[in-house]
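Single-letter residue listing:
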Amino acid sequence: MAVDVVNSSRAPEPVGAYPHARVVGNLVYLSGVGPRERGTSVIPGVTLGEDGVVIAKDIAAQTLSVFKNVRTILEDAGSAWENIIDVMVFLTDMKNDFSVFNALYAEHFAGIEATRTTIEVGALPTPIAVELKVIATL
């Protein structure tokens, strides 16, 4: 079975030693995808103070940026948003962010019927509030 490594030239650079995705058979496994922008330290929806600590966040802006990044990686892997079959969502503040995230998810995933797990985590590798782990078909 062929296994291909996918590193998108359009998606944000990984923050660790991992590829954007792997294609195994007819499945595409994405690494965790956050809302960063490629080639910059900009994180849509995150305002940092002079000390680098988050002073404000916009979960809607972060979520939409994550969705954009997932689409880009899927396209570069030869797949598409409509081929998503499973999503794992990591939120750092379930109480305050889930309703906004869930509404955007319902809008953007309408008709896709992907399975989903949403969990709250204490932190993510960069000062972000949402990350998605996705599996899709080719």
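In the block above lies the structure referred to throughout.
Residues numbered from 1 in each chain as written. Predicted model: local features only at pLDDT ≥ 70, side-chain atom pairs only at ≥ 80, totals over all residues. Heavy atoms only, no water.

1. A short note on the layout of surface pockets
Rolled over the atoms, a probe sized like a water molecule indicates the empty space that remains. What counts, and what does not: For cavity detection a 1 Å grid was placed over the protein atoms alone, and a set of points counts as a cavity when a 1.4 Å probe fits there but cannot get out; an open set counts as a pocket when protein lies on both sides within 12 Å along at least five of seven lines, with lining residues being those that have an atom within 4 Å of a point. Grid points are joined across faces, edges and corners, and a volume is the space filled by probe spheres set on the points. The nonpolar class holds Ala, Val, Leu, Ile, Met, Phe, Trp, Tyr, Cys and Pro. Asp, Glu, Lys and Arg form the charged class, and all remaining residues, Gly among them, are polar.
Here the largest pocket is characterised by a volume of approximately 190 Å³. Taken together, 19 residues make up the lining of the largest pocket; nearest its centre are Y18, G32, V33, G34 and R36. Within the lining of the largest pocket, the residues separate by chemical class into 10 nonpolar, six polar and three charged.

2. Observations concerning the pairing of strand β3 (residues 27–30)
Let me state the cut-off plainly: Partly exposed describes any residue whose relative accessible area lies between the buried limit of under 20% and the exposed limit of over 50%, with all areas from a 1.4 Å probe on protein chains only and scaled to the type maximum. A run of H or I in DSSP becomes a helix once it reaches four residues, and a run of E becomes a strand once it reaches two; helices and strands are each numbered from the N terminus. Any two strands with at least two DSSP bridges between them are considered paired.
Burial along β3 is one-sided: V28 and L30 are buried, and none of L27 and Y29, which face the opposite way, are. Of the strand pairs in this sheet, strand β2 (residues 21–24) and β3 are connected by four bridges, and their pairing is antiparallel. Residue V24 lies in a different strand from β3, and its bridge partner there is L27. The hairpin formed by β2 and β3 contains two residues between the paired strands, and G25 there has a positive phi angle of roughly 60°.

3. Some points on unusual backbone geometry
A positive phi angle, close to 60°, is found at E113, a residue other than glycine. Here E113 is to be found in the loop between α2 (94–108) and β7 (115–120).

4. Let's talk about the side chain of D93
We count it as follows: Any pair of nitrogen or oxygen atoms within 3.5 Å is treated as a polar contact; in protein, a donor-acceptor pairing is required on top of that, and neighbouring residues in sequence qualify only through side-chain atoms on both sides. Contacts are assigned to residue pairs with any non-hydrogen atoms lying within 4.5 Å of each other.
One can find D93 in the loop between β6 (84–91) and α2. Here N96 takes part through its side chain, which lies 2.9 Å from a polar atom of the side chain of D93. Residues within four places of D93 in sequence aside, it is in contact with K57, F98 and E120.

5. Details of the packing of aromatic side chains
Quick reminder of the rule: Two rings from Phe, Tyr or Trp (for Trp, the six-membered ring) form a pair when their centres sit within 6.5 Å of each other. Planes less than 30 degrees apart are called stacked, planes more than 60 degrees apart edge-to-face, and all others tilted. We count a charge as sitting over a ring when the NZ of a lysine or the CZ of an arginine lies within 6 Å of the ring centre and within 35 degrees of the ring normal.
For the coordinates displayed, the defined rule picks out six aromatic pairs. Taking 6.2 Å as the distance between ring centres and 65° as the angle between the ring planes, the aromatic pair formed by F67 and F101 counts as edge-to-face. Of the two residues, F67 sits in helix α1 (residues 59–76) while F101 sits in helix α2, which places them 34 residues apart along the sequence. Judged on exposure class, the residue F67 and its partner F101 are both buried. On the basis of an interplanar angle of 10° and a centroid distance of 3.9 Å, the ring pair of Y105 and F109 is categorised as stacked. Taken together, the ring pairs in this structure connect F67, W81, F101, Y105 and F109 into an aromatic cluster. Sitting over the face of the ring of Y105, R116 holds its NZ or CZ atom 4.3 Å from the ring centroid.

6. Looking at the packing of α1 against α2
For clarity, the cut-off: All axes are obtained by fitting lines to C-alpha atoms, using only the stretch in contact for helices, and the reported angles, taken between N-to-C directions, cover 0 to 180 degrees. By definition in this entry, angles of less than 35 degrees are roughly parallel, angles greater than 145 are roughly antiparallel, angles of 65 to 115 are roughly perpendicular, and the rest are oblique. Helix crossings are classified by the rotation of the near helix relative to the far one: an anticlockwise turn of less than a right angle makes the crossing left-handed, while a clockwise turn makes it right-handed.
The contact between α1 and α2 brings their axes to 9 Å, and the two run at 40°. As far as their axial angle goes, α2 and α1 are oblique. Here α1 runs over α2; the crossing is right-handed. Together, I59, A60, T63, L64, F67 and R71 of α1 and D97, V100, F101, L104, Y105 and H108 of α2 make up the contact between the two elements.

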